[in-house]
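So you can see what is in the structure, the chains are spelled out below.
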Amino acid sequence: MKPGNHCLSERCQFQLNPRFREMRGEANLFRFLDRNHLFFRRRGFFIQGCGNLIRLQNLTKTFAGKDEVRALTGISLEIPAGQIYGIIGPSGAGKSTLLRCINMLERPDSGEVWVADTLMNGLGPQELRSARKKMGMIFQHFNLLNSRTVSGNIAFPLELAGTDKRVMRRRVEELAELVGLTDKLQAYPHQLSGGQKQRVGIARALATEPTVLLCDEPTSALDPETTSSVLELLQDINEKLQLTIVLVTHEMAVIQEVCHSVAVLEDGRLKEAGPVVEVFTRPKSEAAQRLLQGFLSARFEVSRQSPDGTLIRLTFLEERANQPIISKLIRSHQVDVNILFGRIDQMKGAPFGTLMVELAGPPEQKAAAMEFLEANGVGVEVMER
Amino acid sequence: MNSAALSMLWTAAVETLTMVGAATVLAVLGGLPLGILLAATAPGGILEKPWLNRILGTVVNLGRSIPFIILMVAIIPFTRSIVGTSIGTTAAIIPLTVAAIPFMARLVEGSLREVDPGVVEAAHSMGAAPGEIIWKVLLPEALPGLVLAITVTAVNLVGYSAMAGAIGGGGLGDLAIRYGYQRFRGDVMLQTIVILVLLVQGMQMLGDKIANRLYHRN
Ligand SMILES: Nc1ncnc2c1ncn2[C@@H]1O[C@H](COP(=O)(O)OP(=O)(O)OP(=O)(O)O)[C@@H](O)[C@H]1O
Ligand SMILES: [Mg+2]
């Protein structure tokens, strides 16, 4: 987690209050920050985490048809500027619909979509097109123009924006370098691998210097290795360009690897949202717990050793990891602790520990032990009773 | 084969090529915009207009359902008002074009609809206007299909032109009927058929070759 991620956000948030927005008129915060980008960086400020770039308010979307589908129900969400924000949920949860509402590819039936200080669903067709030119989007199946070379694909949004030919050529080269495709500029999409195609998609999405990059399952059509490299690239872009990224995925691993925050969707409803570390270590909603259980149990294949033991998963944040909590627990409670598995994971660079243990002893002692652990800031989740 | 027969064949071939060539060019000029309109106004198209789409669709179907031989006769007044006569190679171009436009339009519509909707959506996400999507996405992406559509239209016109010949349009079909059929000249019949087969083969091969060169997919 980046320093300053939270501290500055509070200070900026009051400026984003609608009352202040009106008072400030033209000179809005984002343009201000943009102009003074270097000043803030030099002084050690992080623009990252400064206020919300995207605010969704009470979004509802129903697809008409033979039987109506309620794709989104009352979704309110705030996406901080500079973050990689994950949206996860099972298939059909409404993730893509939610993402597509952000740039109005899908119009919500009700609710508001704010991007910076533009009300997206209040825009006319021409204004909406201009607004979209400041938002990039990448897709699961890349959606490149087969009739154009890599260079032509990257240049496409620049052509739409009426960019000068010479500027365009230079920009295309810069972008190709950023995504590592300098030697493929004259190739056609069908001559590229999936990972390379997605890199073209990313370069194309970044061409007009958007304030946000929307990603719908950008790695779901890629093999694990290519997935990592594309995720690395997204992370790189997020840091280098201070670009806000909204990333839809159904894979917890993707969230764990790159996201700062995550929203959990199920049945078109927002079940939980917050910093990834919190949602991973202390999931509040059943939806999040289910997703995590599948994710973690696939990776820690442990099972109970004795029939009356209780299998629990403990999660420690970095500052707790050094304290001898387990030995304290054994000393103060009448339980046996059998450590089955332990590991330290990196979550966006921050370490967190996971321990699978089996508790044995009288039930009330086991309950007391779990309370003790929770009181000491350890995440406790019962896997098998 | 004597030189008189040869020159007769040559003249007929030139007439056929003139009719097919001119009608194809005109059919593209008329059919391409009509096809674009059909695809764009269709449900789910980029300029969805169900009413306009239904009207255009009905007109196009009407044009396609009338047998060519009847269409040719039915529009004689129209042909005469444009060309001044209803007989001859030039006059035959008019009914050929009228018949080919709706045919071409449906083929164009089909090619455009085959363009990956994901790509169109990507263009929308980049803020492309409907016109830009047509010119910069749909037409270039569908280009190989459009070339094949033009080829099929032209090949079809070769067949129609033979019928047009029967009512005084001239061309290879006319020659085959007048000499080969009515005067029992089996040799002329065979020669015209060979030329027609070669013509159609050549056109299809050329179309395929161009389409393949434009086709950047595996
Ligand atoms: N254009 C549409 N017309 C009708 N129903 C739709 C449409 N798009 C989505 N839906 C429905 O809305 C619901 C949410 O779909 P959505 O694509 O947002 O889910 P998702 O979370 O992205 O799922 P997946 O992980 O499978 O991509 C689903 O039940 C889907 O069938
Ligand atoms: Mg989806």
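Preceding this paragraph is the structure being described.
Throughout what follows, the structure given in this document is the object of discussion.

Basis of the calculations
- Residues numbered from 1 in each chain as written.
- Chains lettered and ligands numbered in written order.
- Predicted model: local features only at pLDDT ≥ 70, side-chain atom pairs only at ≥ 80, totals over all residues.
- Heavy atoms only, no water.
- Contact = heavy atoms within 4.5 Å.
- Salt bridge = Lys/Arg side-chain N within 4 Å of Asp/Glu carboxyl O.
- Polar contact = N/O pair within 3.5 Å; in protein donor to acceptor, adjacent residues only side chain to side chain.
- Helix = DSSP H or I, 4+ residues; strand = E, 2+ residues; numbered from the N terminus.
- Buried < 20%, exposed > 50% of the residue type's maximum accessible area, 1.4 Å probe, protein only.
- Pairing = 2+ DSSP bridges.
- Axes fitted to C-alpha atoms, helices over the stretch in contact; angles between N-to-C directions.
- Near = heavy atom within 4 Å.

Before going further, it helps to spend a moment on the interface of chain A and chain B. Taken together, the contact between chain A and chain B spans 22 residues of the former and 21 residues of the latter. Run the count over chain A and chain B and you get 2 salt bridges. Seen at the junction of chain A and chain B, the total is 8 residue pairs in polar contact (both at pLDDT 80 or more). Counting residues per element, the ones that place at least two in the side of chain A that touches chain B are helix 6 (125-132), strand 6 (135-138) and helix 7 (150-160) of chain A. Top element by residues in the side of chain A that touches chain B is helix 7 of chain A. It accounts for 4 residues.

Turning our eyes to something else, we now look at the pairing of strand 11 (residues 310-317) of chain A. Residue and element names in this part refer to chain A. A large share of strand 11 lies buried, amounting to 7 of its 8 residues. As defined by bridge partners, strand 11 adjoins strand 14 (residues 379-384) across 5 bridges and the pair is classed as antiparallel. Across the sheet, Thr315 pairs through a bridge with Gly379, a residue of strand 14.

What follows deals with the sheet that holds strand 7 (residues 212-216) of chain A. Residues and elements named next belong to chain A. On the basis of which strands lie adjacent, the open sheet formed by 6 strands has the order 6-7-8-3-9-10 and mixed pairing. Looking along the sheet, the strands with just one partner apiece sit at the ends: strand 6 and strand 10 (269-275). The sheet shows a mean angle of 15° between the axes of neighbouring strands, direction not considered. Where strand 3 (residues 84-88) meets strand 8 (residues 244-249), 5 bridges bridge the pair, whose relative direction is parallel. Across the sheet, residue Gly86 finds its bridge partner in strand 8, namely Leu247.

All names here are of chain A. Around ligand 1, a shell composed of Phe63, Val69, Ala71, Pro90, Ser91, Gly92, Ala93, Gly94, Lys95, Ser96, Thr97 and Glu217 is seen. Between an oxygen atom of ligand 1 and a main-chain N or O atom of Gly92, the distance comes to 2.8 Å. Separating an oxygen atom of ligand 1 from a backbone N or O atom of Gly94 is a distance of 2.9 Å. If you list the elements that add at least two residues to the shell around ligand 1, you get strand 2 (69-80) and helix 5 (95-102). Examining the composition of the shell around ligand 1, we find that 3 residues originate from one element, helix 5, more than from any other.

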